[in-house]
Amino acid sequence: MILGIGVDIVRLSRIEKLLFRYKDRFIRKILHPSERSTFQSLQDPRRKTQFISGRWAAKEAAFKAFGQTRPRILFPEICVSRNGNGTLSLKFTGAAQIVANERSVAVRLLPLFYNFFSQAF
C-alpha cells in the first residue's frame, strides 16, 4: 500500500544563494553528518551546489510523502546515500527513523538533475 508520494524541484541558483548567505549554518541545517563530510570533500563550487540541491529535493520529497508527523522530523535526520549497486537511497535516523518504522516505510528515490534544477520523486 502506498502511504504517500513526495515530489520536489529546486532551482540551483536558489540553493547557491542560500549557501553564500548562510554558509555553515545552512549546511548543518540541511545535511546529515555523513553527507557533510562528502560535501566538504568536493572542490568544485558548482558540484557543491548540485550536491546540496539534490539532497534538499530528496528530503523535501520525503517530507511530503510522510505528511504531518509527530515527532517532528528534521532534515539532518534523513541521509541520502548510495547503495552497494550505486543507486541512491534514503536512510533515516532520530525522529525520521521512528516515523519510518511506525509506518513501515519502503523508499524508492528517483533523483533527476538538470542544468538549473534538481528534482526528486
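An account of the accompanying structure is given in this report. (Residues numbered from 1 in each chain as written. Predicted model: local features only at pLDDT ≥ 70, side-chain atom pairs only at ≥ 80, totals over all residues. Heavy atoms only, no water.)

Focus: the environment of Glu35
Here's step 1: Structurally, the position occupied by Glu35 is in helix α2 (residues 33–41).
Here's step 2: Residue class for Glu35 comes out buried when judged on its relative accessible area of 2%.
Here's step 3: Separated by 33 residues in sequence, Glu35 and Gln68 have C-alpha atoms that sit 25 Å apart.
Here's step 4: Among all residues touching Glu35, those that are not within four sequence positions of it are Ile30, Phe51, Arg55, Lys59, Ile78, Cys79 and Val80.
Here's step 5: Here the side chain of Glu35 touches Lys59 through a polar contact of 2.6 Å, side chain to side chain. (Helix = DSSP H or I, 4+ residues; strand = E, 2+ residues; numbered from the N terminus. Buried < 20%, exposed > 50% of the residue type's maximum accessible area, 1.4 Å probe, protein only. Contact = heavy atoms within 4.5 Å. Polar contact = N/O pair within 3.5 Å; in protein donor to acceptor, adjacent residues only side chain to side chain.)

What to know about helix α4 (residues 94–102)
Here's step 1: All of the buried residues along α4 are Ala95, Ala96, Val99 and Ala100. One face of α4 carries all of its buried residues, which in axial projection span an arc of 135°. In α4, the exposed residues that point more than 90 degrees away from the buried face are Asn101 and Glu102.
Here's step 2: Those residues of α4 that are buried are in contact with α3 (45–66), β2 (78–82) and β3 (88–92). (Arc of directions from axis to C-beta.)

A look at the environment of Gly6
Here's step 1: On the secondary structure map, Gly6 appears in the segment before β1 (8–11).
Here's step 2: With a relative accessible area of 7%, Gly6 lands in the buried category.
Here's step 3: Filtering out sequence-adjacent residues up to four positions away, Gly6 remains in contact with Ala61, Lys64, Ala65, Ala120 and Phe121.

Structural notes on the packing of aromatic side chains
Here's step 1: Scanning the model with the defined rule gives five aromatic pairs in all.
Here's step 2: On the numbers, 5.4 Å between centres and 70° between planes, the contact of Trp56 with Phe75 is edge-to-face. Of the two residues, Trp56 is situated in helix α3 and Phe75 in the loop between α3 and β2; the sequence distance between them amounts to 19 residues.
Here's step 3: The class of Phe75 is buried, set by a relative accessible area of 11%.
Here's step 4: Note on Phe63 and Phe75: the rings are 5.0 Å apart at their centroids and 40° apart in plane angle, and the pair reads as tilted. Placement of Phe63 in helix α3 and of Phe75 in the loop between α3 and β2 is noted, with a sequence separation of twelve residues between them.
Here's step 5: Take Phe63: its relative accessible area is 24%, and that puts it in the partly exposed class.
Here's step 6: Ring pairs connect the aromatic residues Phe26, Trp56, Phe63 and Phe75, which therefore count as one cluster. (Phe/Tyr/Trp six-rings, centres within 6.5 Å; stacked < 30°, edge-to-face > 60°.)

Quick word on the pattern of salt bridges
Here's step 1: The tally for this structure, following the rule as stated, stands at three salt bridges.
Here's step 2: Via salt bridges that share partners, Glu35, Arg55 and Lys59 belong to a single interconnected network. (Salt bridge = Lys/Arg side-chain N within 4 Å of Asp/Glu carboxyl O.)

With respect to the side chain of Lys59
Here's step 1: Summarising the element assignment, Lys59 is placed in helix α3.
Here's step 2: Given the relative accessible area of 0%, Lys59 is considered buried.
Here's step 3: A polar contact is formed between the side chain of Lys59 and the backbone oxygen of Ile30, at a distance of 2.7 Å.
Here's step 4: Ignoring sequence-local partners within four residues, the contact set of Lys59 consists of Ile30, Leu31, His32, Glu35, Phe75, Pro76 and Ile78.

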